[in-house]
Amino acid sequence: SQTIHQWPATLVQPVGSPLSLECTVEGTSNPNLYWYRQAAGRGLQLLFYSVGIGQISSEVPQNLSASRPQDRQFILSSKKLLLSDSGFYLCAWSNPGLARIEQYFGPGTRLTVT
Amino acid sequence: AQSVTQLDSHVSVSEGTPVLLRCNYSSSYSPSLFWYVQHPNKGLQLLLKYTSAATLVKGINGFEAEFKKSETSFHLTKPSAHMSDAAEYFCVVSEADTGRRALTFGSGTRLQVQP
């Protein structure tokens with residue numbers, strides 16, 4: 001069966017510091033991968049998605065970037081965090097090659113920028 | 001463009017009574033629709049999905065939803081609420097033909113279950 005991991009689970013970082021959140025998927029090959037952010041009391045906003053190694057699409061211009069160095073690894077980064085980057089970050093995967101299909105979510109990372 | 005409107009930000013029911021969480025969608029294409037549940041500080045779990053097969057969809061934990069094209073609705077129901085159902089619920093739409101491999105989420109409905 002497939003599983004998805006995210007770490008760390010929680011993170012407190014000062015403004016201006018760098019960020020690296022990691023997501024890995026097990027039990028599937030060539031998945032589509034996604035990063036979402038959920039701000040307090042709001043729905044989910046898609047940040048990035050990837051259909052293959054090195055292929056990243058950005059949905060919203062912002063202070064963040066994403067990379068996919070391996071087939072089942074997806075990394076969210078920032079060089080300098082802003083207060084507005086605080087939120088709950090969720091990674092998700094879906095089966096490859098199909099656009100209209102459900103996504104499966106990881107447990108999330110709670111980021112607080114102070 | 002696709003969008004989802006969840007008509008209630010909060011719903012409160014008593015344990016053992018029916019649950020109705022309302023969702024309306026807008027889509028240029030024939031959509032797929034999903035309901036996800038999120039417990040506090042957890043990831044999202046898929047409850048059920050509609051992908052142009054049967055219009056009445058049954059999901060996990062006794063939930064079901066009915067796709068009504070004429071009303072552009074996909075309301076989530078459960079005959080009898082349980083305390084463990086207290087969570088946030090998201091209605092979600094996906095389109096096949098845009099090439100954009102992403103989901104559009106509603107703003108969520110927080111379900112409270114009173115003892």
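Values in this document were obtained by computation on a predicted structure and should not be read as measured data.

A. Local environment of unusual backbone geometry. In the segment running from Trp7 of chain A into Pro8 of chain A, the intervening peptide bond is cis, with an omega of 0 degrees. Along the chain, Pro8 of chain A falls in the loop between strand 1 (3-7) and strand 2 (10-13). Positive phi, normally seen in glycine, also occurs at Asn41 of chain B, with a value near 60 degrees. By the secondary structure assignment, Asn41 of chain B is in the loop between strand 5 (32-38) and strand 6 (44-50). Unusually for a residue other than glycine, Thr72 of chain B sits at a positive phi of about 45 degrees. Turning to its location among the elements, Thr72 of chain B is positioned in the loop between strand 8 (64-68) and strand 9 (73-78). Given the relative accessible area of 32%, Thr72 of chain B is considered partly exposed.

B. Representation of the sheet that holds strand 3 (residues 19-26) of chain A. Residue and element names in this part refer to chain A. The sheet built from 4 strands is open, its strands ordered 1-3-8-7 with antiparallel pairing. A single partner strand is all that each edge strand has here, and the edge strands are strand 1 and strand 7 (65-70). Strand-to-strand, the axes of this sheet are offset by a mean angle of 20 degrees, without reference to chain direction. Here strand 1 runs beside strand 3; their pairing, made up of 5 bridges, is antiparallel. Opposite Thr3, over in strand 3, you have Glu26 as the bridge partner.

C. A look at the interface of chain B and chain A. Listed per partner, the contact involves 26 residues of chain B and 22 residues of chain A. Approximately 1,900 Å² of surface area, both sides summed, lies buried where chain B meets chain A, with 54% of it carried by carbon and sulfur atoms. We note a salt bridge from Glu102 of chain A to Lys49 of chain B, for which the minimum N-O separation is 2.7 Å. Counting the contacts that link chain B with chain A gives 4 residue pairs in polar contact (both at pLDDT 80 or more). Of all the secondary-structure elements, those providing two or more residues to the side of chain B that touches chain A are strand 5, strand 6 and strand 10 (87-94) of chain B. The element best represented in the side of chain B that touches chain A is strand 5 of chain B, accounting for 4 residues.

D. The arrangement of the state of the cysteines in detail. Taken as a whole, this structure holds 2 disulfides over all chains when the rule is applied. Linked covalently through their sulfurs, Cys23 of chain A and Cys91 of chain A form a disulfide whose S-S length is 2.0 Å. In this structure the cystine formed by Cys23 of chain A and Cys91 of chain A twists about its S-S bond by roughly -75 degrees; its chirality is therefore left-handed. Placement of the pair is Cys23 of chain A in strand 3 and Cys91 of chain A in strand 9 (residues 87-94), with a sequence separation of 68 residues. Here Cys23 of chain A falls in the buried class, since its relative accessible area comes to 1%. Taking relative accessible area as the criterion, Cys91 of chain A reaches 0% and is therefore assigned buried. Here Cys23 of chain B is linked by a disulfide to Cys91 of chain B, with a sulfur-sulfur distance of 2.0 Å. Across the disulfide from Cys23 of chain B to Cys91 of chain B, rotation about the S-S bond amounts to roughly -70 degrees, and the bridge is consequently left-handed. Residue Cys23 of chain B is located in strand 4 (residues 23-26), and its partner Cys91 of chain B is located in strand 10; the two are separated by 68 residues in the primary sequence. The buried category is assigned to Cys23 of chain B, whose relative accessible area is 0%.

Calculation criteria
- Residues numbered from 1 in each chain as written.
- Chains lettered and ligands numbered in written order.
- Predicted model: local features only at pLDDT ≥ 70, side-chain atom pairs only at ≥ 80, totals over all residues.
- Heavy atoms only, no water.
- Helix = DSSP H or I, 4+ residues; strand = E, 2+ residues; numbered from the N terminus.
- Buried < 20%, exposed > 50% of the residue type's maximum accessible area, 1.4 Å probe, protein only.
- Pairing = 2+ DSSP bridges.
- Axes fitted to C-alpha atoms, helices over the stretch in contact; angles between N-to-C directions.
- Contact = heavy atoms within 4.5 Å.
- Buried area = accessible area lost by both parts, 1.4 Å probe.
- Salt bridge = Lys/Arg side-chain N within 4 Å of Asp/Glu carboxyl O.
- Polar contact = N/O pair within 3.5 Å; in protein donor to acceptor, adjacent residues only side chain to side chain.
- Disulfide = S-S within 2.5 Å.

Purely geometric stuff here, so don't read any function into it on its own.
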